[in-house]
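Commentary on secondary and tertiary structure
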Amino acid sequence: MTRRLHFNLFLHDTGHHEASWRLPESDPHSNLSLAAHQHLARVAEDAKFDSVFLADSPVLWSDPGRRPSGKLEPTLLLASLAVSTSRIGLIATASTSYNEPYNLARRFASLDHLSGGRAGWNIVTTAGDPAARNFGLDDQPLHRTRYERADEFLDVSTKLWDSWADDAIVADKQAGVHARRDRVHPIDHRGTFFRVNGPLNVPRSPQAHPLLVQAGSSEDGKEFAAKWAEAIFTAQPTLAESQAFYADLKRRVVAAGRDPDHVVILPGIVPVIGDTEAEARELDAELDRLIAPQYAVAQLAQTLRVDPGVLDLDSPLPADLPDEDEIEGAKSRYTLIVDWARRENLTVRQLIGKLGGGRGHRTFAGTPVQVADTIQHYFENGAADGFNIMPAVLPSGIEAFAAKVVPILQERGLFRTEYEGTTLREHYGLPRPANRFTLQGATR
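A quick note: this is a predicted structure, and the numbers were derived from the prediction, not measured. Each chain carries its own residue numbering, running from 1 in the direction its sequence is written. The model is predicted, so local features are restricted to residues of pLDDT at least 70 and side-chain atom pairs to those at 80 or more, both for listing and for counting; the totals for chains, interfaces and linings are taken over all residues. To get the side-chain values, take all heavy atoms of the structure and skip hydrogens and water.

Brief notes about the overall build of the chain
Helices and strands together make up the secondary structure of the chain, namely 15 helices and 13 strands. It is over C-alpha atoms that the radius of gyration is taken, and the globule rule equals 2.2 Å times the number of residues to the power 0.38. Over its C-alpha atoms the chain spans a radius of gyration of 22 Å, differing by no more than 12% from the 22 Å that the globule rule assigns to 444 residues. In terms of its C-alpha atoms, the chain occupies a principal-axis envelope of roughly 75 × 50 × 40 Å. By the burial criterion, 55% of the 444 residues in the chain qualify as buried. For the chain, the share of sequence-separated contacts (at least 6 apart) that also reach a separation of at least 24 residues comes to 77%. Accessible surface, the chain: about 18,800 Å² in total, of which carbon and sulfur atoms supply 51%. Runs of E in the DSSP output that reach at least two residues are strands. Runs of H or I that reach at least four are helices, and both are numbered from the N terminus. Residue exposure (1.4 Å probe, protein chains only): buried if accessible area is under 20% of the type maximum, exposed if over 50%, otherwise partly exposed. Note on contacts: a residue pair is in contact if any heavy atoms of the two residues lie within 4.5 Å. All accessible-area figures derive from a Shrake-Rupley calculation using a 1.4 Å probe, and residue coverage is judged against the displayed protein chains alone.

Structure representation (structure tokens):
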């Protein structure tokens, strides 16, 4: 079978560049608009994207003065998008640190039923003390503890999704039997973090399990991904770093006893597209000119765990930053930013410009052919199975990508021209999970 690219559209209000909301074309209220999200999802579906994705966190992400910061609850929004689309996958972020397995397993099974098998779960462990304080904790749990909880959370969730056999519902009107009780199983889970009896109160969904997505790139995050993830979002600013991450993750997946072809790795790319290279670069420069430094420096200081006063816009990062071992938050993002700034000898002003465009993801300004060439080069040189498309400006960025870049890749035989299946798993070429209770011959 010919290997083809996979594309996910990362929905993010007016675009991934932090100043995109300040452009004359932008609707600064689109983050709260169902119609705006419906339009983006339809554009991606018409272009035959595998999926759309919503990031989320149980905390206000950034200074509300900086950019649109309100976030609608993602599974509710995606349930609405399921009605206005028919084939594209729908991936929502949800935290294992600030949810319970039963409620979350039920929510994603419900979304999978409502969408006809198009649900995906981006699994996060949620870094930061502010989120912890929204749930009655003084401080965030330790990094390792969050991943240990996440591992058990996934164990419980997958058991719950398996608690109904595929053939449990018979709906036999003549006999008066709707479901066979011997095909609905309690899970009787007793662990370190959770005690859950089950079964789930939602029957087995079209995909059996929603597609499992993960985005952590720390050591704990990569080990977790190797065990559980079926698609991986990652931030890698260069080809070499993408290649190293890709090879490392595929090795870890094999070591975990899984098929590396059943784990799809999707680096983020932030394309700024113009009909000419000069046009693309001018839009990119205009966006950077609109960055408000006072907000950007405050955000960078928070990420680096330093006082904003030590960050001089026209100087490199201070030499005495904390070691990664001292960071209990987003370790991989911290390391990416510091290594990037040191390697390229960036000033703080230059660094916030790069982060403002893509937050550590690969940014690229160019013509449709140049964008297509970059994507193809990564795909054919061991760096990606596809891309998490993160347009700098929405909706124009995805409209340009769909109209001008996708046809080039289709002509080259690198991207589908029609959907071959109906479920998100089928789009990504992934198998439907077997039921553990059926495999064990359970008859409880």
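Next comes the rest of the write-up.
Examining the pairing of strand S1 (residues 6–11)
Counting buried residues in S1 gives six out of six residues, a clear majority hidden from the surface. Residues of S1 alternate between two faces, with His6, Asn8 and Phe10 on one and Phe7, Leu9 and Leu11 on the opposite face, all of them buried. Across four bridges, the pairing between S1 and strand S13 (residues 386–389) is parallel. Looking at the pairing, histidine 6 lines up with glycine 386 of S13. Note that S1 and strand S2 (residues 51–54) share four bridges and pair parallel. Bridged to leucine 9 within S2 is valine 52. We call a crossover right-handed when, viewed with both strands directed away from the observer, the connection leading from the first strand over the helix to the second proceeds clockwise. Handedness of the crossover joining S1 and S2 through helix H1 (residues 34–46) is recorded here as right-handed. Only when DSSP finds a minimum of two bridges between them are two strands counted as paired.

A word on the packing of H1 against helix H13 (residues 396–411)
The axes used here are C-alpha line fits, helices contributing only the stretch in contact, and every angle between their N-to-C directions lies in the interval 0 to 180 degrees. At a minimum axis distance of 9 Å, the contact between H1 and H13 shows a crossing angle of 15°. Relative to H13, the element H1 is oriented roughly parallel. The handedness of the crossing between H1 and H13 is left-handed. Each of His39, Leu40 and Val43 in H1 lies in contact with H13, whose residues at this interface are Ile398, Glu399 and Ala402. Under the convention adopted here, Pro, Cys and the residues Ala, Val, Leu, Ile, Met, Phe, Trp and Tyr are nonpolar, Asp, Glu, Lys and Arg are charged, and Gly plus all remaining residues are polar. For the contact of H1 with H13, a count of residues per class yields four nonpolar, one polar and one charged. Orientation is classified from the angle alone, with under 35 degrees giving roughly parallel, over 145 giving roughly antiparallel, 65 to 115 giving roughly perpendicular, and any other angle giving oblique. By convention the crossing between two helices is left-handed if the near helix lies anticlockwise of the far one by an angle smaller than a right angle, and right-handed if it lies clockwise.

Description of unusual backbone geometry
The amide bond that connects glycine 198 to the next residue, proline 199, takes the cis arrangement and shows omega of 0°. Within the secondary structure, proline 199 is located in the loop between strand S8 (195–196) and strand S9 (211–214). Residues leucine 394 and proline 395 are joined by a peptide bond in cis, for which omega reads 5°. As for its placement among the helices and strands, proline 395 is situated in the loop between S13 and H13. Positive phi outside glycine occurs at aspartate 13, with the angle close to 35°. Along the chain, aspartate 13 turns up in the loop between S1 and H1. Its identity as a non-glycine residue notwithstanding, arginine 305 has a phi of 60°, on the positive side.

Regarding the pattern of salt bridges
Each salt bridge in this description consists of a side-chain nitrogen of Lys or Arg and a carboxyl oxygen of Asp or Glu lying within 4 Å of one another. All told, the structure shown has 30 salt bridges when counted by the stated rule. Note that arginine 436 and aspartate 155 form a salt bridge whose closest N and O atoms lie 3.6 Å from each other. Here the residue arginine 436 occupies a position in helix H15 (residues 436–439), and aspartate 155 occupies one in helix H5 (residues 143–161), the gap between them amounting to 281 residues. Judged by its relative accessible area of 23%, arginine 436 is partly exposed. A relative accessible area of 22% means that aspartate 155 is categorised as partly exposed. Notably, a salt bridge pairs aspartate 182 with arginine 180, separated by 3.1 Å at the nearest N-O pair. Residue classification places arginine 180 among the partly exposed residues on the basis of a relative accessible area of 34%. Three or more residues are tied together by salt bridges with common partners; here these are Asp155, Lys159, Asp162, Asp166, Arg204, Arg432 and Arg436.

Remarks on the packing of H1 against helix H2 (residues 74–84)
For the pair H1 and H2, interaxial distance at closest approach is 10 Å and the crossing angle is 55°. The pairing of H1 with H2 is recorded here as oblique in orientation. Relative to H2, the crossing made by H1 is right-handed. Packed against H1, whose contacting residues are Leu34, His37, Gln38, Ala41 and Arg42, the element H2 presents Leu77, Ser80, Leu81 and Ser84 at the interface. The class makeup of the residues in the contact of H1 with H2 is four nonpolar, four polar and one charged.

Quick notes on the environment of arginine 144
Positionally, arginine 144 belongs in helix H5. For the pair arginine 144 and aspartate 220, spaced 76 residues apart in the sequence, the C-alpha separation amounts to 7.0 Å. A 3.5 Å cut-off defines polar contacts: any pair of N or O atoms within that distance qualifies, except that in protein one atom must be a possible hydrogen donor and the other a possible acceptor, and neighbouring residues in sequence count only when both atoms are side-chain atoms. A distance of 3.0 Å separates polar atoms of two side chains, one belonging to arginine 144 and the other to aspartate 220.

So, the pairing of S13
In terms of strand pairing, strand S11 (residues 264–273) meets S13 through two bridges, oriented parallel. Looking at S13, one finds that isoleucine 269 is bridged to isoleucine 389.

Quick look at the nonpolar core
Throughout, nonpolar core names a set of buried Ala, Val, Leu, Ile, Met, Phe, Trp, Tyr and Cys residues whose side chains join them through atoms within 4.5 Å. Ranked by internal contacts, the top residues of the largest apolar core, which has 68 residues, are Phe7, Phe49, Trp121, Ile375, Phe401 and Leu409. Contacts of phenylalanine 7, omitting those with residues within four sequence positions, involve Phe49, Asp50, Ser51, Ile375, Phe387, Ile389, Phe401, Leu409, Phe415 and Tyr428.

A word on the packing of aromatic side chains
Two aromatic rings from Phe, Tyr or Trp, using only the six-membered ring of Trp, form a pair when their centres are within 6.5 Å; if the ring planes differ by under 30 degrees the pair is stacked, by over 60 it is edge-to-face, and anything between is tilted. By the definition in use, this model includes 15 aromatic pairs. Between phenylalanine 10 and phenylalanine 53, the ring centres sit 4.7 Å apart and the planes meet at 65°, which makes this aromatic pair edge-to-face. Of this pair, phenylalanine 10 sits in strand S1 while phenylalanine 53 sits in strand S2, and the two are 43 residues apart along the sequence. Like phenylalanine 10, the residue phenylalanine 53 is buried in the burial classification. Measuring from ring centre to ring centre gives 6.3 Å for phenylalanine 193 and phenylalanine 194, while their planes differ by 45°; the resulting arrangement is tilted. Residue phenylalanine 193 is classed as partly exposed on the basis of its relative accessible area of 31%. Given the relative accessible area of 3%, phenylalanine 194 is considered buried. Through pairs of rings, three or more aromatic residues link up here, namely Phe108, Trp121, Phe153, Trp161, Phe193 and Phe194.

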